[in-house]
Amino acid sequence: MSEPNVEKEPGPQGEESPVAQTPPAGEKKKREYKEFGHDEEKPTHANVDMSLIELKAEDLYDKEKVDLETIVIEDVFKLLQCDENGLNDEEANRRIELFGPNKLEQEEQNAFLQFLSFMWNPLSWVMEGAALVAIVLSNGDNQPPDWEDFLGIILLLFINSTIGFYEERNAGNAVKALMDSLAPKAKVKRNGTWSEIESSGLVPGDMISFKIGDIVPADCRLTEAINVSIDQAALTGESLPQSKKLGDQCFSGSTCKQGEAEGVVISTGANTFFGRAASLVGQDDDTTGHLQKILAQIGSFCLVSIGIFVLAEILVLYAGFRYTYRRGLNNILVLLIGGIPIAMPTVLSVTLAVGAQQLAKHKAIVTRITAIEELAGVTILCSDKTGTLTTNKLTIDRSTIRTYGPFSADDVMLLAAYASRTENQDAIDASVVQALGDVSRARAGIKLLDFKPFNPVDKRTEITYREESSGKLKRVTKGMTGIIIELCTRNKTDEIENKLEADVEEFATRGLRALAVAYEELDGDDFEAEGNGFELIGLLAIFDPPREDTKQTIDDAMALGVKVKMVTGDQLAIAKETGRRLGLGDHMYPAKVLKDGPAPGGKHMNLDEMILDADGFAGVFPEHKYEIVKRLQGLGHLCAMTGDGANDAPALSRANVGIAVEGATDAARGAADIVLTEPGLSTIVHAIRGSRIIFQRMRNYSIYACAVTIRIVVCFAILAFAFRFDFPPFMVLIIALLNDGTIMTLSVDRVLPSMTPDAWDLAEIFSYAVAYGLYLTASTIALVTIILKTSFFYDKFGVTFNGSIYPSSSNDPQLHMIVYLQVAIISQALIFVTRSHGFFFMERPSVALMVAFCIAQLVSSIIAAYANWGFTQIQGISGGWIGIVWVWNIVWFAPLDWIKFAMKATVIKKMRERHDRAAAAALSSEGGVPITRTQSRAASIHESMYSNRVSFIRRAARKVGFGSKISMKPEELQRFSSIQAQRTGATLARNPSRTAA
């Protein structure tokens, strides 16, 4: 006997699946239309006898015995030891103690400890050590403590900490925003009666009730559902409201759009789907950002440089020259104060703060200021779809309307609008009516006689009306394709059905929801009478359209070297269709590949390669988005993540730069680093360009700061060794203050952004710094040598030292002043070389930088002329010496550009070639995947010291009761229901009810 014929159609992954069997002869086949939507999960039972399953973790975690995601509702009641009458007050209070309140804990930080944390990094430690040396150790040789240096150092430290503290206190708290998003009130059944309580008082096992417009107060399984539709776009990313029935699961924080429901609470607080998102946001606890890593390495360079020469001075000055205690200490203080770029965090913070103000002009609010620097280096932009790339507003695609009768596409649209509500609309009715353009047309020219709204049983809407122009009674219905075609009797032919089936299948493969429209006329005046038979007249396609500017934004981002990937909770077909419309491509995968990996024999060798190659992923949950970002970071990429819903918060927090788009939830805004206040993503392009300008300013300063460190420590160490030259520490402090005041204006300097992602090449920065620093050292040593060993300046210009041709000694106060002026002028002038790529005069600086430079030089010259400060061993010099120093510096400044060009042509060129070869070798050895570089947020102990809020400060705050943190365990990253219900059941098993049998 031959098998019956089976009609095949393409399945989700291209495989064929049976859709209908051939009916017996003489019986017309009933077609099944491949509607687009969710696969229904059938309720299951335990695989073994329930009586054998004990309420302990070993049994509840064993899915071979029971799958708590899908078990029937009766078994849920049994596991949670409750019934439909709810809990009594005594049991509810007991469970509050077991599970805690239904809210997210917020970490409160003590402001004083937070302020102190800004003085807790290696650069600050050295300056703090120098301050202690000045006030505690500088008491030798019958001299008082060095109060002047002490106060100057403390002033620098407090300025730095105050700016950082102010910025940090203005930052939002992501966990608090998530907490505030929870429903504040809940209707609960306690002691057999309904009452309203604070939602924080809910516990697993409570019976709750909610209706249209309510926010679901806790995760629950429904025990009663009347025409329920839940909008969970902010949680799962699904653009369409989901219908819920008895036994279905509802997430805390989702919104009831239609109907009424009752349910049993299965998880509360941090254990809910919503709370787990908050836990993921807070998971990166003792970590540090990208800019802190760079500061750590620059700081290490400066500290090592200083340490080498401090050690050399201790050996040479004390052991070799037999210096007295105080004299040697003053020389060491010069290296500590002058060599440490103590203002580096402050200068970079000011640069970032000014940049944040500039970005605000483009409607982008920066909530984590160091994210600006990281945005400049972003190579991959992971974007959520719903509400970010798209409008999160269902729309009729008029270009795809199909017609099957004498009616035009416009006629079909108008009739479909007739069959839609104009008030209290659901999402589909609203999209149909708005597609008319003029919503008043939905009731114009007709008199409504009867309207049947959508319900889950009939799955269609229907209107009976009188056409005012003709007086005829007519009826229109719209709804699910399979339902509507069964009503059609007038044109239900094989040809029409074949065409309809093909159209519905095409819509499904493109992720479009099909909506069929049918029409009939009635004889007589009885609007409740049967009509002359429905006729199928059209098929509408519903989708969530892209924002108007999204495609251009994506093109602009790609032009800037940033690859865009879609990461959405919506379904694969929808994601592919959106990708095609935006030019992203449709090379997308379902979320399950993140667990299963690439298919054997496919083109991808491993999961990392697949993630890099993909245009996007669909059907993902928060932990999937988090994992994608984490893996891309592990491959050496800096990632930006855009989103608008609470489900995006974990990935927004994990990403180097989290971007919350306009209209985002409080949860997303709290987790994001940048919040957009205008619709769409076009602001991101402005932000990327702006961040690259800011990056160039910070790079220029970093080269300058490292060069000055080399210049100070090498110069004054050699002068001490060669001439026993003891420069006053206070004058180094004056140089540092004037330099930093000028350098602050770099925050508004004119620079051009790069067209590719920026990256910190520290070897290149240090190479330039060493070259510049040694050259400037030579300029000072040459000047001192000529002054001490020759009479050149007296012979040519007639200048003297208090009437003498030669200085009284190598530590003559006027010689100190000459060295001060020479070092102050040429050190500041160096910034014009480091800020330019070509000749310094070819790139015009900002007015602010020029004005600040001129003021600083004027102040330095006035100090040189008039400062007779006995406490710091300096004396004013004549105008002749000031002129000589200026000319000397101009002569030595001119070749600096040629040193820069020589470095580019030799050392820097070889370094870049070696880097390119290493990258190419990594690509070939890893099968096309770049070699793993440092992850963005993985901090070493040393790097974490540069974090604004360091780990030991946080731990200290918690010990003294200033706040606590949500706990987060790896197993909680599994899919939602089973973990939650299992934990609840296990807790109850360990703490059985006293009333239990």
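It should be emphasised that the depicted structure is a prediction, and the values quoted were computed from it without experimental measurement.

Enquirer: What exactly am I supposed to notice about the overall build of the protein chain here?
Expert: A tally of regular secondary structure across the protein chain gives 36 helices and 24 strands. Counting all 997 residues of the protein chain, 56% fall into the buried class. Counting only contacts in the protein chain whose residues sit at least 6 apart along the sequence, the fraction spanning at least 24 positions is 74%. Just so you have it, the protein chain exposes about 41,800 Å², and 56% of that area is on carbon and sulfur atoms.

Enquirer: What's the story with unusual backbone geometry in this structure? I'm lost.
Expert: A negative phi holds for most residues other than glycine; trans holds for most peptide bonds. One non-glycine residue, Asn191, lies in positive phi territory at about 55°. Along the chain, the position of Asn191 falls in the loop between strand E3 (185–190) and strand E4 (193–198). Unusually for a residue other than glycine, Arg724 sits at a positive phi of about 50°. Among the secondary structure elements, Arg724 is positioned in the loop between helix H26 (682–723) and helix H27 (729–743).

Enquirer: How should I be thinking about the packing of aromatic side chains in this particular structure?
Expert: How two aromatic rings sit relative to each other is set out by the distance from centre to centre and by the angle between their planes. Enumeration according to the criterion identifies 26 aromatic pairs in this entry. Relative to Phe841, the ring of Phe839 has its centre 5.4 Å away and its plane inclined at 15°; by these criteria the two rings are stacked. The exposure class of Phe839 is partly exposed, given its relative accessible area of 28%. Its relative accessible area of 56% is what places Phe841 among the exposed residues. Seen from their ring centres, Phe839 and Phe901 are 4.9 Å apart, and the 85° between their planes marks the pair as edge-to-face.

Enquirer: Before we go on, may I ask you to explain the sheet that holds strand E21 (residues 616–618) in this structure?
Expert: Pairing between the strands of a sheet comes from backbone hydrogen bonds, and it takes one of two forms, parallel or antiparallel. One open sheet accounts for eight strands, arranged E10-E24-E23-E22-E11-E19-E21-E20; its pairing is mixed. Each edge of the open sheet carries a strand with a single partner, namely strand E10 (364–366) and strand E20 (588–590). Going across the sheet, the axis of each strand differs from the next one's by a mean of 20°, ignoring polarity. Here strand E23 (residues 657–660) runs beside strand E24 (residues 674–676); their pairing, made up of two bridges, is parallel. Each residue of the ladder has a partner; that of Ile659, found in E24, is Ile674.

Enquirer: I keep staring at empty space enclosed by the protein and nothing clicks. Help me out?
Expert: Take a probe with the size of a water molecule and roll it over the atoms, and the empty space left behind shows itself. Under the definition given, this model contains eight cavities of 30 Å³ or more. If you trace the largest cavity, you find 18 residues lining it, with Gly338, Ile340, Val708, Ala736 and Asp740 closest to the centre. Counting residues per element, the lining of the largest cavity draws most heavily on H26, at six residues. Of the residues assigned to the lining of the largest cavity, the class counts are 13 nonpolar, four polar and one charged.

Enquirer: I keep staring at the pairing of strand E6 (residues 219–231) and nothing clicks. Help me out?
Expert: For a regular strand, side-chain orientation follows a simple rule: the groups alternate between the two sheet faces. The pairing of E6 with strand E9 (residues 255–267) spans 10 bridges and is antiparallel. The residue of E9 that forms the bridge with Ala225 is Ala261. Both E6 and strand E8 (residues 249–250) contribute to a ladder of two bridges, which runs antiparallel. Across the sheet, Arg221 pairs through a bridge with Gln249, a residue of E8.

Enquirer: I'm lost on the pattern of salt bridges in this one. Help?
Expert: For side chains of opposite charge, pairing can occur when their charged atoms come near one another. All told, the structure shown has 34 salt bridges when counted by the stated rule. The residue Glu506 makes a salt bridge to Arg510 at a minimum N-O spacing of 3.5 Å. Taking the relative accessible area as the measure of exposure, Arg510 reaches 21% and is therefore partly exposed. We note a salt bridge from Arg699 to Glu764, for which the minimum N-O separation is 3.0 Å. On the criterion of sequence distance, the pair formed by Arg699 in helix H26 and Glu764 in helix H28 (residues 762–789) is long-range, its members being 65 residues apart. Judged by its relative accessible area of 6%, Glu764 falls in the buried class.

Enquirer: Just checking my understanding: could you explain the pairing of E3 for this structure?
Expert: Where E3 meets E4, six bridges bridge the pair, whose relative direction is antiparallel. From the neighbouring strand, Lys187 faces E4, where its bridge partner is Glu196. Turn length for the E3-E4 hairpin, with the two strands adjacent in sequence and antiparallel, is two residues, and the turn residue Asn191 shows positive phi of about 55°. Examined bridge by bridge, E3 and strand E5 (residues 207–211) share three bridges and lie antiparallel to one another. Counterpart to Val188 in the pairing with E5 is Ile208.

Enquirer: What's the story with the side chain of Asp897 in this structure? I'm lost.
Expert: In this fold, Asp897 is placed in helix H33 (residues 896–925). Given the relative accessible area of 3%, Asp897 is considered buried. Separated by 3.0 Å, the side chain of Asp897 and the backbone nitrogen of Phe840 make a polar contact. Those residues within four positions of Asp897 in sequence are excluded, and the remaining contacts are Val833, Ser836, Gly838, Phe839 and Phe840.

Enquirer: Looking at this structure, I do not really get the packing of helix H11 (residues 325–339) against H26. What am I missing?
Expert: When two helices pack together, their arrangement is given by the angle between the helix axes and the distance between those axes. The contact between H11 and H26 brings their axes to 8 Å, and the two run at 165°. Accordingly, the angle class assigned to the pair H11 and H26 is roughly antiparallel. Crossing of H11 against H26: the hand is right-handed. For the pair H11 and H26, contact is made by Asn331, Val334, Leu335, Gly338 and Gly339 and by Thr709, Ile712, Val713, Phe716, Ala717 and Ala720, respectively.

Enquirer: Can you help me understand a nonpolar patch on the surface in this one?
Expert: Together, Leu132, Val136, Leu137 and Tyr325 make up a nonpolar patch on the protein surface, roughly 370 Å² of accessible area in all. Per-element tally for the nonpolar patch: the top contributor is helix H5 (residues 122–137), with three residues. Within the fold, Leu137 resides in helix H5. Since its relative accessible area comes to 40%, Leu137 is described here as partly exposed.

Enquirer: Explanation requested: the UniProt feature "transmembrane region" (unreviewed entry) in the protein chain in the structure shown.
Expert: Here, the residues flagged by UniProt with the feature "transmembrane region" (unreviewed entry) are residues 298–320, 332–354, 701–723, 769–794, 814–834, 846–869 and 881–902. A helix fraction of 100% and a strand fraction of 0% characterise residues 298–320, whose end C-alpha atoms lie 32 Å from each other. Note that residues 846–869 is 83% helix and 0% strand, and that its end C-alpha atoms are spaced 35 Å apart.

Enquirer: Any chance you could explain the nonpolar core here in plain terms?
Expert: One broad trend across soluble globular proteins is that nonpolar side chains are buried collectively. Counting residues in hydrophobic clusters, the biggest one holds 151 residues, and the most contacted among them are Tyr701, Phe716, Phe727, Tyr772, Tyr820, Trp881 and Leu896. Looking at this core, the element that brings in the most residues is H26, giving 22 residues. Looking at which domains feed residues into this core, each of domain 2 (120–174 + 291–355 + 689–913) and domain 3 (364–391 + 547–677) supplies at least three. Dropping the residues within four chain positions of it, Phe727 is found in contact with Asn331, Val334, Phe716, Val732, His816, Val819 and Tyr820. In this structure, Ile628, Ala651, Ala660 and Ala671 belong to the second largest nonpolar core, which totals 30 residues.

Enquirer: What is the right way to read the environment of Leu858 from this model?
Expert: With respect to the element layout, Leu858 can be found in helix H31 (residues 847–866). C-alpha separation for the pair Leu858 and Ile825, spaced 33 residues apart in sequence, amounts to 9.8 Å.

Enquirer: Sorry, what's going on with the side chain of Ser827 here?
Expert: Among the secondary structure elements, Ser827 is positioned in helix H30 (residues 813–834). Looking at Ser827, the relative accessible area reads 1%, which means it is buried. Side-chain polar atoms of Ser827 contact the backbone oxygen of Val823, separated by 2.6 Å. Beyond its immediate stretch of four places on either side in the chain, Ser827 contacts Tyr704, Arg711 and Asn739.

Enquirer: Where do I start with H26 in this structure?
Expert: The periodicity of an α-helix, 3.6 residues per turn, causes residues three or four positions apart to be oriented the same way. Spanning 42 residues, H26 covers 62 Å between terminal C-alpha atoms, matching the ideal 62 Å at 1.5 Å per step. Burial analysis of H26 places 35 of its 42 residues in the buried class, the great majority of the element. One or two steps after H26, the chain reaches Arg724, where phi turns positive at roughly 50°.

Enquirer: Explain the confidence of the model for the protein chain to me, please; I cannot follow it from the model alone.
Expert: Low-confidence regions, as indicated by low pLDDT, have predicted coordinates that should not be scrutinised in detail. Averaged over the protein chain, the pLDDT score is 77; the fraction of residues at 70 or greater is 78%. Put simply, strand E1 (residues 6–10) is where the protein chain has its lowest mean pLDDT, 36, and helix H32 (residues 879–893) is where it has its highest, 95. Across residues 171–183, confidence stays below pLDDT 50; counting only partners more than four residues off in sequence or on other chains, it has 38 contacts.

Conventions used here
Numbers given to residues run from 1 along each chain, matching the order in which its sequence is written. The predicted nature of this model means local features are confined to residues of pLDDT at least 70 and side-chain atom pairs, given and counted, to a pLDDT of 80 or more, with totals for whole chains, interfaces and linings taken over all residues. By convention in this description, side-chain values take in all heavy atoms of the structure and omit both hydrogens and water. Secondary structure counts use DSSP, requiring at least four H or I residues in a row for a helix and at least two E residues in a row for a strand, with both numbered from the N terminus. Burial here depends on accessible area, computed with a 1.4 Å probe over protein chains only, as a share of the maximum for the residue type. Under 20% is buried, over 50% is exposed, and the range in between is partly exposed. Contact between two residues is taken to exist if any of their heavy atoms lie within 4.5 Å; hydrogens are not considered. Each accessible area is a Shrake-Rupley estimate made with a 1.4 Å probe; only the visible protein chains count as cover when residues are assessed. Paired rings are identified among Phe, Tyr and Trp, the last through its six-membered ring, by centres lying within 6.5 Å, and are further divided according to the angle between planes into stacked (under 30 degrees), edge-to-face (over 60) and tilted (the rest). Two strands qualify as a pair provided DSSP detects at least 2 bridges between them. Axes here mean lines fitted to C-alpha atoms, for a helix over just the part in contact, with angles spanning 0 to 180 degrees between N-to-C directions. A pocket here means an open set of points on a 1 Å grid, computed over the protein atoms alone, that has protein on both sides within 12 Å along at least five of seven lines. A cavity is instead a set of points where a 1.4 Å probe fits but cannot get out; residues with an atom within 4 Å of a point line either one. Grid points are joined across faces, edges and corners, and a volume is the space filled by probe spheres set on the points. Just so you know the grouping, Ala, Val, Leu, Ile, Met, Phe, Trp, Tyr, Cys and Pro go in nonpolar, Asp, Glu, Lys and Arg go in charged, and all remaining residues, Gly too, go in polar. By salt bridge we mean one thing: a side-chain nitrogen of Lys or Arg within 4 Å of a carboxyl oxygen of Asp or Glu. Two N or O atoms count as a polar contact when they lie within 3.5 Å, although within protein this holds only if one can serve as hydrogen donor and the other as acceptor, and sequence-adjacent residues are included solely when both atoms are side-chain atoms. Reported orientations rely on four angle classes, namely roughly parallel under 35 degrees, roughly antiparallel over 145, roughly perpendicular from 65 to 115, and oblique for the rest. In this scheme the handedness of a crossing depends on how the near helix is turned from the far one: anticlockwise by less than a right angle means left-handed, clockwise means right-handed. Patch construction takes residues with relative accessible area above 30% that form no salt bridge. Like charges are linked within 9 Å, and nonpolar side chains (Val, Leu, Ile, Met, Phe, Trp, Tyr) are linked within 5 Å. UniProt positions are given in the numbering used here, feature names are shortened, and annotations may be inferred rather than shown by experiment. Nonpolar cores were defined as sets of buried Ala, Val, Leu, Ile, Met, Phe, Trp, Tyr and Cys residues, with membership established by side-chain atoms within 4.5 Å. The split into domains, and so the bounds of each, comes from an automatic or database assignment of domains. The span expected for a helix works out to 1.5 Å for each residue beyond the first. For every residue, the predictor assigns a confidence score, pLDDT, that lies between 0 and 100.

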